[in-house]
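As a plain string of letters, each chain reads:
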4 protein chains.
Amino acid sequence: MIIVMDHRVGDDKIEAVLVRLERLGFQIHLSRGVERTIIGAIGERGHLIGVDLEVMPGVEKVVPILQPYKLASRTFKEEGTVIRVGNLEIGGDTIHVMAGPCAVESREQLLCAAQMVKDAGATILRGGAFKPRTSPYSFHGLEEEGLELLAEAREATGLLIVTEVMDARTLPLVARYTDILQIGARNMQNFFLLREIAKVDKPVVLKRGPSATIEEWLMAAEYIMSGGNYNVILCERGIRSFESYTRNTLDLTSVPVVKYLSHLPVIVDPSHAIGKWRFVPPMAKAALAAGADGLIVEVHPNPVEALCDGPQSLMPEKFAAMMNDLRQVAAVMGRRMP
Amino acid sequence: MIIVMDHRVGDDKIEAVLVRLERLGFQIHLSRGVERTIIGAIGERGHLIGVDLEVMPGVEKVVPILQPYKLASRTFKEEGTVIRVGNLEIGGDTIHVMAGPCAVESREQLLCAAQMVKDAGATILRGGAFKPRTSPYSFHGLEEEGLELLAEAREATGLLIVTEVMDARTLPLVARYTDILQIGARNMQNFFLLREIAKVDKPVVLKRGPSATIEEWLMAAEYIMSGGNYNVILCERGIRSFESYTRNTLDLTSVPVVKYLSHLPVIVDPSHAIGKWRFVPPMAKAALAAGADGLIVEVHPNPVEALCDGPQSLMPEKFAAMMNDLRQVAAVMGRRMP
Amino acid sequence: MIIVMDHRVGDDKIEAVLVRLERLGFQIHLSRGVERTIIGAIGERGHLIGVDLEVMPGVEKVVPILQPYKLASRTFKEEGTVIRVGNLEIGGDTIHVMAGPCAVESREQLLCAAQMVKDAGATILRGGAFKPRTSPYSFHGLEEEGLELLAEAREATGLLIVTEVMDARTLPLVARYTDILQIGARNMQNFFLLREIAKVDKPVVLKRGPSATIEEWLMAAEYIMSGGNYNVILCERGIRSFESYTRNTLDLTSVPVVKYLSHLPVIVDPSHAIGKWRFVPPMAKAALAAGADGLIVEVHPNPVEALCDGPQSLMPEKFAAMMNDLRQVAAVMGRRMP
Amino acid sequence: MIIVMDHRVGDDKIEAVLVRLERLGFQIHLSRGVERTIIGAIGERGHLIGVDLEVMPGVEKVVPILQPYKLASRTFKEEGTVIRVGNLEIGGDTIHVMAGPCAVESREQLLCAAQMVKDAGATILRGGAFKPRTSPYSFHGLEEEGLELLAEAREATGLLIVTEVMDARTLPLVARYTDILQIGARNMQNFFLLREIAKVDKPVVLKRGPSATIEEWLMAAEYIMSGGNYNVILCERGIRSFESYTRNTLDLTSVPVVKYLSHLPVIVDPSHAIGKWRFVPPMAKAALAAGADGLIVEVHPNPVEALCDGPQSLMPEKFAAMMNDLRQVAAVMGRRMP
């Protein structure tokens, strides 16, 4: 940690900071410059709990040097983490695609979607039973009935399932049904939920919050890991920027960055990031080329009307075409798809 | 709602959208232009639950016209809402300042802070008993003990208290102690929590999420109101932008905007928005000049060392000076401070 | 400057950086920690011209400590700068309001607007003769004819004039007519233009770029000052964020921040920042309360139809009402308006 | 264009807007709803020059329907544009990589870099002779001497050259030497420069501004095209967001979006977007997978010390390795590299 002291400050102010740091157990290096005096403090972040050095008179800024996360970092664990779920491995050579409808709407819809995405090569079925919605007047999901349908679709197809948990109270219920828990973007810093999920023995897909820095995202992973659950799969799903043509701005550079900073696997959700179907296939390919370990994609079995029978229902065809392209990109990246 | 159809699209695609809209109960106006065909659809948003028109072939964009919130809007209620809590009125002529430490740390700290902010003119004591922290290794608050200390400080000073509730499970506990519930910025879209708070008979300070648009913020208020709790106090606390000199970017323009769109009272939290004490007093004054109904400010009784006795502890003096300045700004705005 | 070395790096990499820094003339402090090695380098930024330490193997990050601007900083000049133009002083006790139409459209429009804003208390007339427009198909200003009309309005009213210069080639022309030059937000980093303006003996209003940090804004001022023109008036006009209800996000906190970091006067342009007339008066008041030295405001003499005669033309009335309110806010701030 | 009228407004206000629109030559559709009245106006944008409907009393918002650009749009020209320069085609089957140092520093540096990037498969040499720099104290380029060296490198290697033009005055000089002109991100809305470049018979690489929306970027292209120069190559180089780990946020989704909205070729500059060498190769691959027509990449022949002889100078090796990977990604995309 580096403390930069204001140039207009007297020696007593510098002294006060030095005394404080020493009491907190830090080793100190002082460099007096003409315009600024710089204090280097070496010690553990833990010493700083409850301490806010920036309020001390004369302190201009405090620059942290170490990353605030440990368990999630490559410093802690050099080799990439491979997470086993069912008979699949996430983060290994094989790239897995999680696909399915946004929300579980009915038995027919879900079973039809499940079969389609399985046929195209997906290995994990996604579908929301509890839906976070911006409006209180929107559809909020079938809840337990939705979970039962997901379980039935797993039975019928052999796909594993991933579904969102929105609250600590419904966590036991969701965990009973699902193979992989998902924490939505808006809940990335719901610390109560993170700590409860830490106690569950299921892998977790942790979506990046729309205004979360990479560091905050890794800190959210650290919450789960520090509570005992090491099976965290990070999921980039776009951040909020001024560009409004797409719903969010897919920050694909976060993929190689996170793989550099952390040992955890990273997947990408182009559907929620972009919000427009047309641009999902090119960005799914780009995600793999950037080094992603997998994808989570929304597939509408029949985006317009009824279920599984509309002739205009091109979406599953487009998904299958995309999967074929992805297979080739995966090969170029030295990886394979099931 | 306006649906813009791609110019490259055939009549069958336009027809399909028209049929769909009619089935959903919308009235339709069709305008065929040379480059675009535009469909105006008049009806209730409720008709659109679970419907995603943008996936229909040929639909280029869907432009909503009506605001998605009702109960929170000025259209619904013309006159400004005044919220009564204890013997105070928030949103009326009197401007109330909520002040106190970030976290409740000890009996001495809190009682000392409470007395100081009361002497300077604050009417409501703030202090965190449950603290959301980016790091799992940080101090997370005294929890119930902190709530008890807040209650004791209320007893001792006559100040009302406001404190954050982080989770639906601890809501009954927090609600038992506090006068005003606070929903933190990171929980603004924790929809489970919003729906639970809707059932509690206490006013709620609803902080704007760091990446929430004004519309999303009002939708979060709508969640609480549509569940039966109309006593929502909106709180601007800065949004995330590229500028990193301050912790967030205080979007003070949201104050007159929200007062134009909604009848709810609005307060401002300059402390969390800015993150640097030095700039809180000028921005507190600016907030009142922009039309805010109140402020919530962090006051460190002794930001550096021990409690209530450090000679260098200028902070409470600065708070008192700020309160004197605020009184003058309030007068210019035709309002008063207690 | 602090150089943080990757923990995975060998001693030879650290040695290479040390050798490099010494050759560049820096004094060095080395702190070897368990997880990171930190190199403190004290010396002049000038030593780093053309050097990019971050590409050296093993360098994780380079943290600059000193501000990159000198002439614009409070470190260089403690007391606030007061800029004299005509018989006015900007940055002193008196708050000046620059007002007028967006673009000079005709003689009648401009003279009418000038008289109105003068009557309401403005001291400087604004109006664009050269207009930067997002679309090539929009009106680009009357150019020299517009400048002549501005000069005529000055003659008629005694107001000083401020107008935008868009390009180094038209700078001599614009400088011949205007009292104050304005650099638009999109040109804040047009370095050729900055260097040319540095040679002109006229005060400059330097608008903050929509994606410029405070530091970059001060660096743009430094360009002008380092070329010899010390009369720079900074102008906050909103930054780009995800919020789209207003055109930009007025970052009013930049006012006290810039006054802390720099000795230059700061004014605020609420009109361009917000883009909606309704919210200009409250934010103008907030700007003064935050400590601004002045304002620049768009006034439409008749925003709807003809010039100076529409009965529905409330705008100049609203401007006059705003000026009355501002006078009171100025008084509270210990300042005055003419 | 859709005009939404405030629900609190009288019929006279609606009438005034209708009269105004008719005088301007628009055809009108009126839909009176319970909460809002909506006016649809069909006509040419050109009718709106100098008109600001949003200031009319009662107008709540104006929603444009048509894209404001014409020449740059797919509506105007369905098939993708292929730009010929020398014996190369940009936007066709072949993907071209522009590579070279940030700035031309010396004859040795440039010739060495040129040979290296050519050997690795680049076809166009980049290098700055005029450098926009945030600080007035930084190196600003060798100017004409730099241009001569670029020409010499072209002679020696057969590579074409691309270099930035910063100002209308130096445009004739730069245009005399270079094959492709580059407009830097900070100049994307330097409208004087855009209009001058429109008159030059050379292809232009138009970088996206760091806070430019896709629409504004296409409008900048429209400036150049409407002035007569149709050979515009769009270049995504990152936008400004709150994430500060990378210099900017590479918005790779803009690639398929722009290819959908426009017929112009699109290339990507991962170097400036990211600011960290380590992450350039994965994002270059991702760019091709997203559909980019080419890349522009910074290559440091010897990032650390002297020229062409440092043993630790791995960078050109890394560039060559990246080019090999890119060849495979190009093949998967059905394209080729020279």
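Residues numbered from 1 in each chain as written. Chains lettered and ligands numbered in written order. Predicted model: local features only at pLDDT ≥ 70, side-chain atom pairs only at ≥ 80, totals over all residues. Heavy atoms only, no water.

Engineer: In this structure, what is going on with the sheet that holds strand S1 (residues 2–5) of chain A? I would like to understand it.
Structural biologist: Residue and element names in this part refer to chain A. The four strands lie next to each other as S2-S3-S1-S4, forming an open sheet whose pairing is antiparallel. The open sheet has two edge strands with one neighbour each: strand S2 (27–32) and strand S4 (59–63). The average undirected angle you get between the axes of adjacent strands in this sheet is 20°. Direction of pairing for S2 relative to strand S3 (residues 37–42): antiparallel, over a ladder of six bridges. Within S3, the residue paired with His29 across the bridge is Gly40. Of the strands in this sheet, S1, S2, S3 and S4 touch helix H1 (residues 11–23), which is tilted by about 160° from S2. (Pairing = 2+ DSSP bridges. Helix = DSSP H or I, 4+ residues; strand = E, 2+ residues; numbered from the N terminus. Axes fitted to C-alpha atoms, helices over the stretch in contact; angles between N-to-C directions. Contact = heavy atoms within 4.5 Å.)

Engineer: Explanation requested: the relation of the copies chain B and chain A in the structure shown.
Structural biologist: One copy of the chain maps onto the other through a rotation about an axis followed by a shift along the same axis. Each copy superposes on the other: chain B lies on chain A with an RMSD of 0.1 Å after a rotation of 180° and an axial shift of 0.0 Å. This pairing of chains is accounted for by a two-fold axis. Among all residues of chain B, the one whose C-alpha sits closest to the rotation axis is Ser211 of chain B, at a distance of 2.8 Å. Counting the interface residues of chain B, we find that 98% of their copies in chain A are interface residues as well, pointing to one common contact surface. (Least-squares fit on C-alpha atoms with pLDDT ≥ 70 in both.)

Engineer: Can you walk me through the pairing of strand S10 (residues 180–183) of chain A in this structure?
Structural biologist: Look at any regular strand and the pattern is simple: side chains alternate between the two faces of the sheet. Residue and element names in this part refer to chain A. Alternating residues of S10 divide into Ile180 and Gln182 and Leu181 and Ile183, and every residue in both groups is buried. Here strand S9 (residues 160–164) runs beside S10; their pairing, made up of three bridges, is parallel. When the sheet's bridge partners are listed, Thr163 is paired in S10 with Leu181. Regarding the hand of the β-α-β motif, the stretch spanning S9, helix H4 (residues 171–177) and S10 is right-handed. Bridge count for S10 against strand S11 (residues 204–207) is three bridges, and the pairing is parallel. Residue pairing in the sheet places Ile183 in a bridge with Leu206 of S11. (Buried < 20%, exposed > 50% of the residue type's maximum accessible area, 1.4 Å probe, protein only. Right-handed = clockwise from strand over helix to strand, strands pointing away.)

Engineer: In this structure, what is going on with helix H6 (residues 214–226) of chain A? I would like to understand it.
Structural biologist: Residue and element names in this part refer to chain A. The first and last C-alpha atoms of H6 sit 18 Å apart over 13 residues, in line with the 18 Å expected at 1.5 Å per residue. The buried count for H6 comes to eleven of 13 residues, which makes it a mostly enclosed element. Of all the residues in H6, the buried ones are Ile214, Glu216, Trp217, Leu218, Met219, Ala220, Ala221, Glu222, Tyr223, Ile224 and Met225. Buried residues along H6 sit against S10, helix H5 (191–197), S11, strand S12 (232–236), helix H7 (254–261) and strand S13 (266–268). Where H6 terminates, the next one or two residues include Gly228, which has phi positive at roughly 115°. (Expected span 1.5 Å × (residues − 1).)

Engineer: Even after reading the chapter, I still don't get the pairing of strand S14 (residues 294–298) of chain D, so can you show me in this structure?
Structural biologist: Residue and element names in this part refer to chain D. Burial analysis of S14 places five of its five residues in the buried class, the great majority of the element. Of the two faces of S14, the one carrying Gly294, Ile296 and Glu298 and the one carrying Leu295 and Val297 are both buried. Sheet analysis places strand S7 (residues 96–100) next to S14, joined by five bridges and oriented parallel. Bridged to Met98 within S14 is Ile296. Where strand S13 (residues 266–268) meets S14, two bridges bridge the pair, whose relative direction is parallel. Note on S14: the bridge partner recorded for Val268 is Leu295.

Engineer: What should I look at first to understand the relation of the copies chain C and chain B in this one?
Structural biologist: Mapping chain C onto chain B leaves a residual RMSD of 0.0 Å; the transformation is a rotation of 180° accompanied by 0.0 Å of translation along its axis. Same-surface contact between copies: 100% of interface residues of chain C are shared with the interface of chain B.

Engineer: Hey, could you run me through the side chain of Arg126 of chain C in this one?
Structural biologist: Summarising the element assignment, Arg126 of chain C is placed in strand S8 (residues 124–126). Here Arg126 of chain C is buried and forms no salt bridge, its nearest opposite-charge partner Glu298 of chain C lying at an N-O distance of 4.2 Å. (Lys, Arg positive; Asp, Glu negative; His and termini not counted. Salt bridge = Lys/Arg side-chain N within 4 Å of Asp/Glu carboxyl O.)

Engineer: Teacher, can you tell me more about the side chain of Ser271 of chain B here?
Structural biologist: All names here are of chain B. You can see Ser271 is positioned in helix H8 (residues 270–274). Since its relative accessible area comes to 9%, Ser271 is described here as buried. Polar side-chain contacts of Ser271 include one of 3.0 Å to the backbone nitrogen of Glu298. Ignoring anything within four residues of it in the chain, the contact list for Ser271 reads Arg247, Val280, Ile296, Val297 and Glu298. (Polar contact = N/O pair within 3.5 Å; in protein donor to acceptor, adjacent residues only side chain to side chain.)

Engineer: Just checking my understanding: could you explain the interface of chain B and chain A for this structure?
Structural biologist: Reports of interface size often rely on the accessible area that becomes lost once the parts have come together. At the junction of the two partners, chain B supplies 48 residues and chain A supplies 48 residues. Summing both partners gives a buried area of about 4,600 Å² for chain B against chain A, and 57% of it is carried by carbon and sulfur. Taken together, the links from chain B to chain A amount to four salt bridges. When the shortest N-O distance is used, the salt bridge between Glu216 of chain A and Arg240 of chain B registers 2.7 Å. Mapped onto the side of chain B that touches chain A, the elements with two or more residues apiece are helix H1 (11–23), helix H5 (191–197) and helix H6 (214–226) of chain B. With five residues, H6 of chain B is the single largest residue contributor to the side of chain B that touches chain A. Grouping the amino acids of the side of chain B that touches chain A by side-chain chemistry returns 23 nonpolar, twelve polar and 13 charged. (Buried area = accessible area lost by both parts, 1.4 Å probe. Nonpolar A, V, L, I, M, F, W, Y, C, P; charged D, E, K, R; others polar.)

Engineer: Would you mind showing me how to read the packing of aromatic side chains here?
Structural biologist: The geometry of two aromatic rings is summed up by the distance between their centres and the angle between their planes. As enumerated under the stated definition, the model contains 16 aromatic pairs over all chains in all. Consider the rings of Phe191 of chain A and Tyr223 of chain A, whose centres lie 4.6 Å apart with planes at 20°: the pair is stacked. Note that Phe191 of chain A is positioned in helix H5 and Tyr223 of chain A in helix H6, a separation of 32 residues in sequence. Clustering of aromatic rings is evident, with ring pairs tying together Tyr245 and Phe279 of chain A together with Tyr260 of chain D. Above the plane of the ring of Tyr245 of chain B lies Lys276 of chain B, whose end atom (NZ or CZ) is 3.8 Å from the centre. (Phe/Tyr/Trp six-rings, centres within 6.5 Å; stacked < 30°, edge-to-face > 60°. Lys NZ or Arg CZ within 6 Å of the ring centre and 35° of its normal.)

Engineer: I would appreciate a short explanation of the pattern of salt bridges in the present structure.
Structural biologist: Enumeration according to the criterion identifies 64 salt bridges over all chains in this entry. Where Lys199 of chain B meets Glu196 of chain B, a salt bridge forms, and the shortest distance between an N and an O atom there is 3.1 Å. The class for Lys199 of chain B is exposed, based on a relative accessible area of 61%. Linking Arg208 of chain D and Asp251 of chain D is a salt bridge whose minimum nitrogen-to-oxygen distance equals 2.9 Å. In this pair, Arg208 of chain D sits in the loop between strand S11 (204–207) and helix H6 (214–226) while Asp251 of chain D sits in the loop between strand S12 (232–236) and helix H7 (254–261), placing the two residues 43 residues apart along the sequence.

Engineer: Would you explain the domain arrangement of chain A in this entry?
Structural biologist: Looking at chain A, the domain boundaries give domain 1 (2–63) and domain 2 (83–332). Here the C-alpha centroids of domain 1 of chain A and domain 2 of chain A sit 44 Å apart. (Domains from an automatic or database assignment.)

Engineer: It is not clear to me how the environment of Lys61 of chain D should be interpreted in this structure. Could you clarify?
Structural biologist: Topologically, Lys61 of chain D is positioned in strand S4 (residues 59–63). For Lys61 of chain D and Met5 of chain D, which are 56 residues apart along the polypeptide, the C-alpha to C-alpha distance reads 7.2 Å. Excluding anything up to four places from it in sequence, Lys61 of chain D contacts Pro64 and Ile65 of chain B together with Ile2, Ile3, Val4 and Glu54 of chain D.

Engineer: In this structure, what is going on with the interface of chain C and chain B? I would like to understand it.
Structural biologist: Counting from both sides, the interface comprises 35 residues of chain C and, opposite them, 35 residues of chain B. Buried area between chain C and chain B, summed over both chains or domains, comes out near 2,900 Å², and the portion from carbon and sulfur atoms is 74%. Looking at the side of chain C facing chain B, the largest losses of area belong to Phe242, Thr253 and Val332 of chain C, adding up to 20% of the total buried there. A salt bridge links Arg208 of chain B to Glu243 of chain C; its shortest N-O distance comes to 2.8 Å. In this assembly, chain C and chain B are joined by four residue pairs in polar contact (both at pLDDT 80 or more). At the level of secondary structure, the elements contributing two or more residues to the side of chain C that touches chain B comprise helix H7 (254–261), helix H9 (280–289) and helix H10 (315–332) of chain C. Residue contributions to the side of chain C that touches chain B peak at five residues, all from H9 of chain C. Here the residues of the side of chain C that touches chain B sort into 22 nonpolar, seven polar and six charged.

Engineer: Help me out: how do you make sense of the sheet that holds strand S10 (residues 180–183) of chain C in this one?
Structural biologist: In sheet architecture, strand pairing relies on hydrogen bonds along the backbone and comes in two forms, parallel and antiparallel. Around the barrel, eight strands lie side by side as S7-S8-S9-S10-S11-S12-S13-S14 (chain C); this closed barrel has parallel pairing. Averaged over all neighbouring strand pairs, the angle between strand axes comes to 25°, with direction disregarded.

Engineer: Can you help me understand the packing of helix H2 (residues 107–120) of chain A against helix H3 (residues 144–157) of chain A in this one?
Structural biologist: When two helices pack together, their arrangement is given by the angle between the helix axes and the distance between those axes. Residues and elements named next belong to chain A. Taken N-terminus to C-terminus, the directions of H2 and H3 make an angle of 40°; their axes are 10 Å apart at the nearest point. Considering their axes alone, H2 and H3 lie oblique with respect to each other. Regarding H2 and H3, the two cross each other, and that crossing is right-handed. Counted together, Arg107, Leu110, Leu111, Ala114, Gln115 and Lys118 of H2 and Leu149, Leu150, Glu152, Ala153, Ala156 and Thr157 of H3 form the full contact between these two elements. (Parallel < 35°, antiparallel > 145°, perpendicular 65-115°, else oblique. Left-handed = near helix turned anticlockwise from the far one by under 90°.)

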